[in-house]
Amino acid sequence: MSTLPSKEHIEKAVGQIQFDTDAFIDGKFVKAVSGKTFATENPATGRELAQVAECDAADVEIAVAAAKRAFEAGVWSDLPPSERKEIMLKFCDLMEEHEMELGLLDCLEAGKPVADCLQIDAPETIACIRWHAEAADKLYDHISPTGSENLGLITREPVGVVGAVIPWNFPAQMAAWKIGPILATGNSLILKPAEQTSLSALLMARLASEAGVPDGVFNVVTGFGETTGKALGLHMDVDMVAFTGSTEVGRYFLQYAAESNLKRIILECGGKSPQIVLADADLDNAAENAVSAAFWNMGENCSCGSRLIVEKGVKDALLEKITAELKAWPTGDPLDPGNPLGSMIEKGHMEKVLSYIETGKSEGANLLLGGNRILTETGGYFVEPTIFDGVTNQMKIAQEEIFGPVLSVIEVENEQEAIAVANDTPYGLAASVYTASLDSAHRIARKLRAGNVSVNCFAEGDMGTPFGGYKQSGFSGRDKSIFAHEQYTEMKTTWISLGK
Ligand code: NAD
């Protein structure tokens, strides 16, 4: 959306949304077998938005059976890729018609700033699925190098029934990173959104069906992790689970696979991303990007640049610029397009973030800015941007993923120490480097144990670049780009004797 609508226009549009709240299984909306529902809340007001179907193992059973039936019937898996592409592109056209609604649902359920939802989340969700759809009919298989008496075909086939279990921080976008390559390669999908943010996934399922995605190919089971997510992880007829979420829960999926059918698992997990600023860096540019890296999406971002590692001599100047830059980042009502920062996802998470802030103080870090819950009169869960100076990399606030607006500043002597500190956490998702020296930039980028390194900016690349983590930030796969396609396929060898 190139120009943002006014707050009045946005509020009117919110009033007109009719929420889809039932699970979407085998081409239709259905209540949970148990008849149970749970409340989804607007975290910026603390008020209930809707009651959503509370699925459990019984509903997962029905969804898996439908997905398997569709897969075996070949209604999607056997289609020529060009036909899958056309249907997926129609799905994207329909999402474009509902782009405002798609963005607003994430704003309402996740407390995300409406400007981001309408200008980043919704358009990038659509662009992602379109990118993978367009790639569907442009991938070739292989013929092995044989003698004239044999023909060796190496082909790719869809894996089968794929579960996608996703988090709440970018609800539609995280869904799209899975939906795009899973559907483009011919699989049947069972999407489990986070319990805090079910609504955009349900809208996407409805639109996919309207576009012609056959019944059973795109299912959404809403509900909690310990019931619905676990049932998917343990199901014998689920061939693969693609998970995005915390490292802690990611581990469970490896256990579920081991305890059930050795289903393929890919994990996109947490991070504690470093931002290295060398003394020769353009400090205005570094400050601008550091603020965005640390506080964009309220720090509820897996690649959040939560550790600022600054070379001696420029720290004070950099912090002065960062505090000045932060004045342009007010926190407030997410439905107001003038607010770049909204609320935390829920009360429990806000409390966790506040407790990390208390830990930082008790560990002896110097609280430079923020540190409090704000806007309590709204009923929402807002935390102000917070900066700790004088942090050492052994402190808990430097090691653990806080997933909130908390930046830890660590001073280092030189480039070597910066690299050592940057790599010294269990995570390895993203990292940034700021320097005027091309040599230093390349040298550091090579040494950083992270899946995504950005130089003189905070960025995750574009749709053409893979995204995922080293170490405990990920396992066995990548989202985005053409590299995301292969992981949703099996590799088959067909060996043909051509006679003598
Ligand atoms: P989470 O791990 O709590 O939940 C993620 C999903 O797993 C949800 O759908 C949840 O219902 C489900 N789940 C929870 N417990 C489960 C269980 N026992 N069994 C099966 N499923 C279960 O994560 P979250 O709080 O929703 O999201 C925040 C996390 O996601 C952060 O750690 C963040 O870094 C990570 N994340 C990573 C990426 C990436 O690409 N690497 C992107 C976005 C978010």
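The structure displayed is predicted, hence computed values, not measured ones.

### Overview of the side chain of Asn 301
No. 1: Assignment of secondary structure puts Asn 301 in the loop between helix H10 (283-295) and strand E13 (307-311).
No. 2: The exposure class assigned to Asn 301 is buried, which follows from its relative accessible area of 2%.

### Here's the deal with the nonpolar core
No. 1: Counting 125 residues, the largest nonpolar core has Phe 91, Leu 104, Ile 179, Leu 191, Met 204, Phe 218 and Leu 308 as its most contacted members.
No. 2: Discounting residues that sit within four places of it in the chain, Phe 218 has contacts with Phe 24, Phe 91, Ile 179, Leu 183, Leu 189, Leu 191, Met 204, Ala 205, Ala 208 and Val 213.

### Regarding the site of the ligand
No. 1: Around the ligand there are 30 residues in total, and Ile 166, Glu 195, Ser 246, Tyr 256 and Glu 401 lie nearest to it.
No. 2: Between the ligand and the protein, one listed contact pairs an oxygen atom with a side-chain N or O atom of Trp 168 at 2.9 Å.
No. 3: Measuring from an oxygen atom of the ligand, one finds a side-chain N or O atom of Ser 246 at 2.6 Å.
No. 4: Against a free-state accessible area of 850 Å², the protein chains account for coverage of 91% of the ligand.
No. 5: Residue assignment for the shell around the ligand shows that the elements contributing at least two residues are helix H8 (225-234), strand E10 (240-244) and helix H9 (247-259).

### As for the side chain of Asp 121
No. 1: Residue position: Asp 121 is located in helix H5 (residues 114-135).
No. 2: Judged by relative accessible area, Asp 121 falls into the buried class, the value being 1%.
No. 3: Setting aside anything within four residues of it in sequence, one finds Asp 121 in contact with Lys 112, Asp 116, Phe 170 and Gln 173.

### Side note on the sheet that holds strand E17 (residues 386-389)
No. 1: Taken together, the seven strands give an open sheet; going across it, the order is E14-E17-E18-E13-E12-E20-E21, and neighbouring strands pair in mixed fashion. What marks the edges here is a single partner per strand, and that holds for strand E14 (366-369) and strand E21 (452-455). Across the sheet, the axes of successive neighbouring strands diverge by a mean angle of 20°, strand direction being ignored.
No. 2: Note: strand E20 (residues 430-434) against E21, four bridges, orientation parallel. Of the residues in E21, the one forming a bridge with Ala 431 is Val 453.
No. 3: In the packing of helix H11 (residues 315-325) onto the sheet, contacts are made with strand E12 (274-277), E13, E14, E17 and strand E18 (406-412), and the angle to E13 comes to roughly 140°.
No. 4: Across the sheet, helix H14 (residues 415-423) is in contact with E12, E13 and E18; its angle to E13 comes to roughly 165°.

Cut-off values and rules
- Residues numbered from 1 in each chain as written.
- Predicted model: local features only at pLDDT ≥ 70, side-chain atom pairs only at ≥ 80, totals over all residues.
- Heavy atoms only, no water.
- Helix = DSSP H or I, 4+ residues; strand = E, 2+ residues; numbered from the N terminus.
- Buried < 20%, exposed > 50% of the residue type's maximum accessible area, 1.4 Å probe, protein only.
- Core = buried A, V, L, I, M, F, W, Y, C linked by side-chain atoms within 4.5 Å.
- Contact = heavy atoms within 4.5 Å.
- Near = heavy atom within 4 Å.
- Polar contact = N/O pair within 3.5 Å; in protein donor to acceptor, adjacent residues only side chain to side chain.
- Areas by Shrake-Rupley, 256 points an atom, 1.4 Å probe, with all protein chains shown as cover.
- Pairing = 2+ DSSP bridges.
- Axes fitted to C-alpha atoms, helices over the stretch in contact; angles between N-to-C directions.

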